[in-house]
Amino acid sequence: MERIEITGGRTLAGRVRPACAKNSVLPLLAATLLCREPCTLCGVPDLADVQTSLQLLAAVGAAVERRGPDLCTAPRPVRGLVPDPLAAAMRASVFYLAPLLLRAGRVELPLPGGCRLGPRPIDIHLDGLAAMGASVQTLPDRVVVQRRGALHAVDYTLRLPSVGATLTLLMAAACARGFTTLRGAACEPEIADVAAFLNAAGARIAGAGTPVLTIRGVGGLLPGGARHTPLPDRIAAATYAAAVAAAGGQVTVEGCRPAYLGAFLQFLRRAGCRVEAGQDGFTVARDPDRPLQGGVDLRTGAWPGFATDTAPLAAAVLLGAEGASRIHDALFQNRFACAAGFAAMGARVRARGRDLWLAGSDRLQGTLVTAPDLRGGAALVIAGLFAEGSTIVLDPGHIRRGYADLPGELRQLGAACRTAPARAPQAVQYG
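Enquirer: Looking at this structure, I do not really get the packing of helix α4 (residues 97–104) against helix α6 (residues 163–174). What am I missing?
Expert: Packed helices, taken two at a time, are described by the angle between their axes plus the distance between the axes. The interhelical angle for the contact between α4 and α6, taken along N-to-C directions, is 25 degrees, at an axis separation of 8 Å. Judged on the interaxial angle alone, α6 and α4 are roughly parallel. For the pair α4 and α6, the contacting residues are A98, P99 and L102 in the first and T168, M171 and A172 in the second. Looking at the contact of α4 with α6 residue by residue, the class counts come to 5 nonpolar, 1 polar and no charged.

Enquirer: So what exactly am I meant to see when it comes to the sheet that holds strand β10 (residues 177–183) here?
Expert: Whether parallel or antiparallel, the strands of a sheet pair through hydrogen bonds between backbone atoms. Taken in spatial order, the 4 strands make up an open sheet running β9-β10-β12-β11, and their pairing is mixed. Strand pairing shows two members of the sheet lacking a second neighbour, β9 (155–157) and β11 (205–206), which therefore form its edges. Examined bridge by bridge, β9 and β10 share 3 bridges and lie parallel to one another. Its bridge partner being in β10, D155 is matched across the sheet by T181. Most of the contacts of α6 go to strand β12 (residues 212–218), to which it runs at about 35 degrees, and overall it touches β9, β10, β11 and β12.

Enquirer: Mind showing me how you'd approach the packing of helix α1 (residues 22–31) against helix α2 (residues 48–59) here?
Expert: Packing of α1 against α2 brings their axes to within 10 Å, and their N-to-C directions diverge by 5 degrees. In terms of their interaxial angle, α1 and α2 are classed as roughly parallel. Counting all contacts with α1, which are made through K22, V25, L26 and L29, the residues of α2 involved are D49, V50, S53, L54 and L57. Classifying every residue of the contact of α1 with α2 by side-chain character gives 6 nonpolar, 1 polar and 2 charged.

Enquirer: Explanation requested: the confidence of the model for the protein in the structure shown.
Expert: Reading fine detail from the predicted coordinates is not recommended where pLDDT is low. Residues of the protein with pLDDT of at least 70 account for 96%, and the chain-wide mean is 94. Here residues 425–431 is a poorly scored stretch, pLDDT under 50, and it has 16 contacts once near neighbours within four places are set aside; other chains count.

Enquirer: Honestly, α4 in this entry has me stumped. Any pointers?
Expert: Spacing of three or four residues puts side chains on the same side of an α-helix, whose turn is 3.6 residues. Most of α4 sits inside the fold, with 6 of its 8 residues counted as buried. Within α4, burial applies to L97, A98, P99, L100, L101 and L102. Taken together, the buried residues of α4 touch α1, β6 (106–110), α5 (123–131), β8 (142–146) and α6.

Rules of the game
Residues numbered from 1 in each chain as written. Predicted model: local features only at pLDDT ≥ 70, side-chain atom pairs only at ≥ 80, totals over all residues. Heavy atoms only, no water. Axes fitted to C-alpha atoms, helices over the stretch in contact; angles between N-to-C directions. Helix = DSSP H or I, 4+ residues; strand = E, 2+ residues; numbered from the N terminus. Parallel < 35°, antiparallel > 145°, perpendicular 65-115°, else oblique. Contact = heavy atoms within 4.5 Å. Nonpolar A, V, L, I, M, F, W, Y, C, P; charged D, E, K, R; others polar. Pairing = 2+ DSSP bridges. pLDDT = per-residue confidence, 0-100. Buried < 20%, exposed > 50% of the residue type's maximum accessible area, 1.4 Å probe, protein only.

Following this line, the structure appears as structure tokens:
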């Protein structure tokens with residue numbers, strides 16, 4: 001076991017470049033199964049979820065190898081059975097529904113796992129595949145989806161703009177027969193990124209990044225392969241921005257368009273940070289002697305709204321800001337499990353369902369906390385940057401699902417932050 005140790009009170013300075021986006025890389029790895037030719041994904045970070053994806057690909061018979069920073073795949077017959085432990089390890093296992101259905105004709109998928117954020121249904125995925133002609137059987141702990149012949153095109157409206165369902169149906173429609181229209185689709189940058197990869201491999205997709213996608217299916221697997229560099233991780237970029245907002249200092253985030261996280265940067269401006277946006281990066285600065293301004297009511301929403309993954313990061317920033325604030329997460333019922341760790345550090349916070357209330361103006365004291373999930377764990381690290389004394393974050397494996405080395409990146413910016421071996425197996429219980 002490992003732990004993350006942070007000593008608060010240091011301001012941050014320097015430049016940082018986010019790695020490729022986890023939320024693009026994971027569906028892109030699944031999408032390589034749709035290609036008849038080899039594919040290369042360039043600059044893929046060594047995340048825990050990427051490792052799980054590689055294990056999943058190997059388990060179904062796919063060929064994939066890492067060559068330095070790149071992941072290279074080759075076409076090979078696959079089977080449509082996803083092992084239970086791999087499906088339980090990450091929510092992104094749902095991205096294999098359409099590719100394995102198209103490649104193997106039948107897919108058996110245990111219900112996906114991942115962070116414990118509350119119910120995360122996959123009904124839109126299944127309903128859309130059924131509309132394309134697939135047979136869907138839902139069991140208590142898994143789903144079985146089969147097809148006879150090629151899937152057919154459909155004019156389908158998603159009941160809500162689910163990123164995962166949009167990607168599933170986009171992949172299925174690219175290989176179906178006929179002209180598909182997806183309405184009410186998610187518009188996140190990762191959708192356009194996956195569409196660009198599929199188009200490079202021979203798909204015919206238009207409208208990515210808008211609520212209406214049109215896809216002329218090729219009636220089988222995509223004829224080519226592709227060499228593709230996934231877009232930069234906008235949530236990692238928001239994490240660095242939140243860190244300097246909390247700790248003070250000045251940090252430039254390179255290689256990530258400010259538009260990718262516009263709502264979060266606007267939040268930091270309102271809180272009192274100086275944000276300078278360029279074409280391909282931005283700078284965030286805050287005087288550590290001037291308190292941030294809270295008193296806000298944030299609500300997460302679909303792109304281009306305030307991203308759910310940035311809600312815990314915003315909470316960490318608001319802990320010491322002047323004025324009471326509330327954050328409402330529209331997507332997950334348990335987004336704010338990190339509140340227990342904030343409270344252990346002395347913050348006056350209250351989480352109930354989708355809502356988190358923060359009293360603000362809190363002085364935090366470093367202590368022992370446990371990362372409850374990926375973004376909540378990152379938020380606890382950020383809180384430790386401005387807490388007095390030392391903060392120890394246990395169970396950092398959750399954090400490594402989305403950051404290859406968050407402590408190392410923060411340390412390069414001047415933070416006293418490191419990953420260290422745990423002294424003894426332990427867990428934190430909150431009353």
